[in-house]
Amino acid sequence: MIEILRVVTYSRARRVRRVKDLPNCPFPFFCCGMFRAAVLENLGQTIISDLGSLESQQDFRTPEFEEFNGKSDSLFFNDGQRRIDFVLVYEDESRKETNKKGTNEKQRRKRQAYESNLICHGLQLEATRSVLDDKLVFVKVHAPWEVLCTYAEVMHIKLPLKPNDLKNRSSAFGTLNWFTKVLSVDESIIKPEQEFFTAPFEKNRMNDFYIVDRDSFFNPATRSRIVYFILSRVKYQVINNVSKFGINRLVNSGIYKAAFPLHDCKFRHQSEDPSCPNERYLLYREWAHPRSIYKKQPLDLIRKYYGEKIGIYFAWLGYYTQMLLLAAVVGVACFLYGYLNQDNCTWSKEVCHPDIGGKIIMCPQCDKHCPFWKLNITCESSKKLCIFDSFGTLVFAVFMGVWVTLFLEFWKRRQAELEYEWDTVELQQEEQARPEYEARCTHIVINEITQEEERIPFTAWGKCLRITLCASAVLFWILLIIASVIGIIVYRLSVFIVFSTQLKNLNGTDPIQKYLTPQTATSITASIISFIIIMILNTIYERVAIMITNFELPRTQTDYENSLTMKMFLFQFVNYYSSCFYIAFFKGKFVGYPGDPVYWLGKYRNEECDPGGCLLELTTQLTIIMGGKAIWNNIQEVLLPWIMNLIGRFHRVSGSEKITPRWEQDYHLQPMGKLGLFYEYLEMIIQFGFVTLFVASFPLAPLLALVNNILEIRVDAWKLTTQFRRLVPEKAQDIGAWQPIMQGIAILAVVTNAMIIAFTSDMIPRLVYYWSFSVPPYGNHTSYTMDGYINNTLSIFKVIDFKNKSMGNPYSEQGNHTTCRYRDFRYPPGHPQEYKHNIYYWHVIAAKLAFIIVMEHLIYSVKFFISYAIPDVSKRTKSKIQREKYLTQKLLRENHLKDMTKNMGVIAERMIEAVDNNLRPKSE
């Protein structure tokens, strides 16, 4: 112990700690933390004492240049022994076309300092010039065994102890094995991964780990992750006590053009190297190829090749898609129920009947230019409304409230299983500060816990100022979206007048007059314009949100992603859903009545719903936005990277006959970027909101989402395997901040669907009429019926009572109509309380409020019961975790006892030998 403290004290005095100076420690937990601190401090050191004066340094260690050996599939250095774990690409400053000596020399010196520090930290580098462009230089990085072991311990990477001998329980659906076998990936092609008991790696217990072959003990994904950990933390410059370090900063500043791990082979063909596992080829063939669209995803291979973070995304997307299958079946059943029963829709028949709807004259829906119109011109829309506004709508809304809870709860269980299978149950990797954060640490404060000096990027006042500015910027953009929604509303109000006056005057439109009503034309054009505005604002705000988050300067990458996630989702929530909320809950709700209409901004008369209600318009809006968004995203995701790669191949066509190495082929693929996966999550969560929040108005939404997701999985797989460079594998335990966001959407969905049924559809007024106002004392029928519903729900208005502030009656020239009808529950002219709300209105309001309360409490009760009844971790998974932990501890304890017994034997032999040596002279 004294020796350890002596080493640490000496290291602090020199400001450099040598890992090999730390002896084997009898106190593993103490030594582990001290060892990790020593390595991290050593990682932060540099061979350059002050990089502020770069020109004074001449002792850089540079990689050796080697010519390409002609092996296009090789993943090794030219010696064929050392594996390439990472590739850095830069443009040789001496061969640049625009040679700015000062700038290029500084960039060259920074790069040389960085590469020299990489070599000093144990990495091995080999440089090779490009085959197609001699200005490009590829620096291949290899991590030797000692470096891998050192940083595997620092990063708490779990590695195999021994093969897992726990038996898997047989499936309860054994009779369906033939069916699941068809859907599963062929195990003869993608062999199942061998399971192991694992533990965080420790160098002093290396003999405890299952090391059959040093070359395969660390798989390529783990090797790349370790190398990236080093690359992102090695310094290259220090100015005014502020360190600049990390490969990301070097790439962003243009010193390096790219940094990436290698794909293991071409995606269309297997590698010529017999030792290559050809995992990229297998993923393309069994996962990304269109012929595999019906098969399950090879999640274990995805996780092995791309890391847990990518694996958990595709696992979640696949599980979400599977659950959508049930919702789609129920939604289609409810749609078919409405479609088959539309001929029995009494109120629609009354609208279309020439002696009922054909004789009802409706009041103009705008001032001056809108004519009186007959109710039966909405016959077709009323028939369509019967499909969506039926009893099946109520059943489906209740079902979706339960479905979303089942999905979230069962996903938690599935996620727990993946945590066990992928060894992320106790993810102990300590997340380091982002290089961008470290680079801004200029203020010195005293840590309240350690009472030592530490650097922070800004003071408490500066932090409050940044938070205030960021919150103000987010609020400004949300208000901008709301302003765009108001603009769409003004467009609806103004263009409705145009359509009302011009549609009838258009030549050749007679065959579609009954379909293309002013309301329908306004709704469709407004929905298209709304979608275009949404996509434009979305593109702009993505950049703004990143700028705001960068200014906010979160400390870790997780903090950064969570902050960006909340900003982006809040914006997208308002952007995509605001128009739907307007149509569902505001349009037609505050219009007054013909004699006293409500005006927007004192100029535009408030918009009214069709006599059939706004539900059909909400359905149209959802169809256009969901369908348009899905088509746009898939085109963007498929065409954009494909076109970029096609352009790149066109520019390289002159050298296409040359054999290019693996690293150069990968360089010409598209970089995905750190936030690529973030946008994939965001796209699916927005879709999840459409499927749950407004599903009462559009039961086919789950079906559209299902079809889109089946294609989305394969499109994303195709992008990753064919169009993008290989991503740096990352660990992830769950889907992060998206889980609470989905839970919030699920809670809100109950309220929105209840309110859609109550206030947007006509289900409640029809039920009130059927049970109360179709029979005495309010009705004249002898039995419960829907006959007379339309006449009962349309109020009467006297044309002479129209008001206009300066021009008298604006409709005096539109015919000899004395009365007209409008959609509301008010007393007729001549009644003591004319144009006041009648008793029917108050019955309907009471019924709507009662329905909302009952439906919400019922669904929430079922949701909470399901959440309580279904544990987040299954009993089987808990038993596996506890069993593996027990066996792992037992194995480590037994090995530790063996080592102690062996050491004690050696000590005893030395003590006996020492005693013999001391006693022998006396006896002589």
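Predicted, not measured: the structure shown is a model, and the values here were computed from it. Residue numbering note: each chain is counted from 1, following its sequence as written. In view of the model being predicted, local features appear only for residues whose pLDDT reaches at least 70, and side-chain atom pairs are presented and counted only at 80 or more, with totals across whole chains, interfaces and linings using the full set of residues. Here the side-chain values reflect all heavy atoms present in the structure, with hydrogen atoms and water set aside.

Participant: For this particular structure, what's the right way to read a nonpolar patch on the surface?
Facilitator: The grouping of Ile-631, Ile-635, Leu-639, Leu-640, Trp-642, Ile-643, Met-644, Leu-646 and Ile-647 at the surface amounts to a nonpolar patch, some 800 Å² of accessible area in total. Here a helix means four or more residues in a row that DSSP labels H or I, a strand means two or more in a row labelled E, and each is numbered from the N terminus. Along the chain, Leu-646 turns up in helix 19 (residues 615-651). Patch rule: a residue counts if its relative accessible area is over 30% and it has no salt bridge; like charges are joined within 9 Å, and nonpolar side chains (Val, Leu, Ile, Met, Phe, Trp, Tyr) within 5 Å. Surface exposure here means Shrake-Rupley accessible area, sampled with a 1.4 Å probe, where a residue is shielded only by the protein chains that are shown. We count a salt bridge whenever a side-chain nitrogen from Lys or Arg sits within 4 Å of a carboxyl oxygen from Asp or Glu.

Participant: Sorry, what's going on with the pattern of salt bridges here?
Facilitator: Opposite charge on two side chains permits them to pair, given that their charged atoms come into close proximity. Summed over the entire model, instances satisfying the criterion amount to 27 salt bridges. Among the ionic pairs, Lys-309 bridges to Glu-561, the shortest N-O distance being 2.9 Å. Here Lys-309 is found in helix 11 (residues 308-340), whereas its partner Glu-561 is found in helix 18 (residues 557-585), with 252 residues between them in sequence. Exposed residues in this analysis have more than 50% of their type's maximum accessible area, buried residues have under 20%, and partly exposed residues fall in between, with area computed by a 1.4 Å probe over protein chains only. Residue classification places Lys-309 among the buried residues on the basis of a relative accessible area of 19%. Taking the shortest distance from any N to any O, the salt bridge between Lys-587 and Glu-617 comes out at 2.2 Å. Pair noted here: Lys-587 is in the loop between helix 18 and strand 14 (592-593) and Glu-617 is in helix 19, with a separation of 30 residues, a long-range link. You'll find Lys-587 and Glu-617 in the same group, each marked buried. The structure contains a network of salt bridges with shared partners spanning Arg-285, Glu-286 and Lys-295.

Participant: Honestly, the environment of Ile-853 in this entry has me stumped. Any pointers?
Facilitator: Among the structural elements, Ile-853 can be located in helix 26 (residues 839-869). Ile-853 gets classed as partly exposed once you look at its relative accessible area, which sits at 48%. The sequence separation of Ile-853 and Ala-754 amounts to 99 residues, and the corresponding C-alpha distance is 8.7 Å.

Participant: How should the UniProt feature "transmembrane region" (unreviewed entry) in the protein be read in this particular structure?
Facilitator: Per the UniProt entry, the sites bearing "transmembrane region" (unreviewed entry) are residues 313-340, 391-411, 473-500, 520-541, 568-586, 684-707, 741-761 and 839-860 in this numbering. In residues 568-586, the share of helix is 95% and the share of strand is 0%. The end C-alpha atoms are 25 Å apart. UniProt positions are given in the numbering used here, feature names are shortened, and annotations may be inferred rather than shown by experiment.

Participant: Please explain the packing of aromatic side chains as it appears in this structure.
Facilitator: What describes a pair of aromatic rings is the distance from one ring centre to the other and the angle between the planes of the rings. Planes of paired rings set the category: under 30 degrees apart is stacked, over 60 is edge-to-face and the rest tilted, where pairs are Phe, Tyr or Trp rings (Trp by its six-membered ring) whose centres lie within 6.5 Å. The final tally for this structure, using the stated rule, is 58 aromatic pairs. On the numbers, 6.1 Å between centres and 85 degrees between planes, the contact of Phe-68 with Trp-663 is edge-to-face. Residue Phe-68 is located in the loop between strand 1 (64-65) and strand 2 (86-91), and its partner Trp-663 is located in helix 20 (residues 662-667); the two are separated by 595 residues in the primary sequence. Summarising the burial analysis for this pair, Phe-68 and Trp-663 share the class buried. Taking the centre distance of 5.1 Å and the plane angle of 55 degrees together, the rings of Trp-771 and Tyr-784 count as tilted. Highlighted residues: Trp-771 in helix 24 (residues 763-773) and Tyr-784 in the loop between helix 24 and helix 25 (789-793), separated in sequence by 13 residues. Residue Tyr-784 is classed as partly exposed on the basis of its relative accessible area of 43%. Only lysine NZ and arginine CZ atoms are considered, and such an atom sits over a ring when it is within 6 Å of the ring centre and within 35 degrees of the ring normal. One cation-aromatic arrangement involves Arg-466 over Phe-551; the distance from NZ or CZ to the ring centre is 4.6 Å.

Participant: What is the right way to look at the nonpolar core in this model?
Facilitator: Membership of the largest hydrophobic core comes to 162 residues, with the highest contact counts inside it found for Trp-287, Trp-316, Tyr-320, Trp-403, Phe-407, Tyr-577 and Phe-690. Domain extents, as shown, originate in an automatic or database domain assignment. Both of domain 1 (64-168 + 200-262) and domain 2 (299-652 + 659-765) provide at least three residues apiece to this core. The contacts of Trp-287, once residues within four sequence positions are left out, are Leu-282, Ser-292, Gln-297, Pro-298, Ile-302, Tyr-306, Phe-314, Ile-713, Arg-714, Ala-717, Leu-720 and Thr-721. The set of buried Ala, Val, Leu, Ile, Met, Phe, Trp, Tyr and Cys residues whose side-chain atoms join them within 4.5 Å is what this entry labels a nonpolar core. Core analysis: the next-biggest nonpolar cluster, separate from the first, contains 46 residues, Val-137, Met-155, Met-206 and Phe-217 among them. Contact criterion: two residues are considered in contact whenever any of their non-hydrogen atoms come within 4.5 Å of each other.

Participant: How do you make sense of unusual backbone geometry when you look at a structure like this?
Facilitator: Most peptide bonds adopt trans geometry, and most residues besides glycine take a negative phi value. Of note, the bond from Pro-776 into Pro-777 is cis; its omega dihedral lies within 30 degrees of zero at 10 degrees. Tracing the sequence through the fold places Pro-777 in the loop between helix 24 and helix 25. You will see that Asp-423, though not glycine, has its phi angle at about 60 degrees, which is positive. Note on placement: Asp-423 falls in the loop between helix 14 (391-421) and helix 15 (435-439).

Participant: Please clarify how the sheet that holds strand 4 (residues 136-142) should be interpreted in this entry.
Facilitator: Sheet strands pair by backbone hydrogen bonding; their relative direction is either parallel or antiparallel. A pair of strands counts as paired when DSSP detects no fewer than two bridges linking them. Read from one edge to the other, the open sheet built from 5 strands follows the order 1-3-4-2-9, with strand pairing classed as mixed. The sheet is open, and its two borders are formed by strand 1 and strand 9 (258-260), each paired with just one other strand. Looking at chain direction, strand 1 and strand 3 (residues 124-129) are connected through 2 bridges and run parallel. The partner of Phe-65 across the bridge, within strand 3, is Ala-127.

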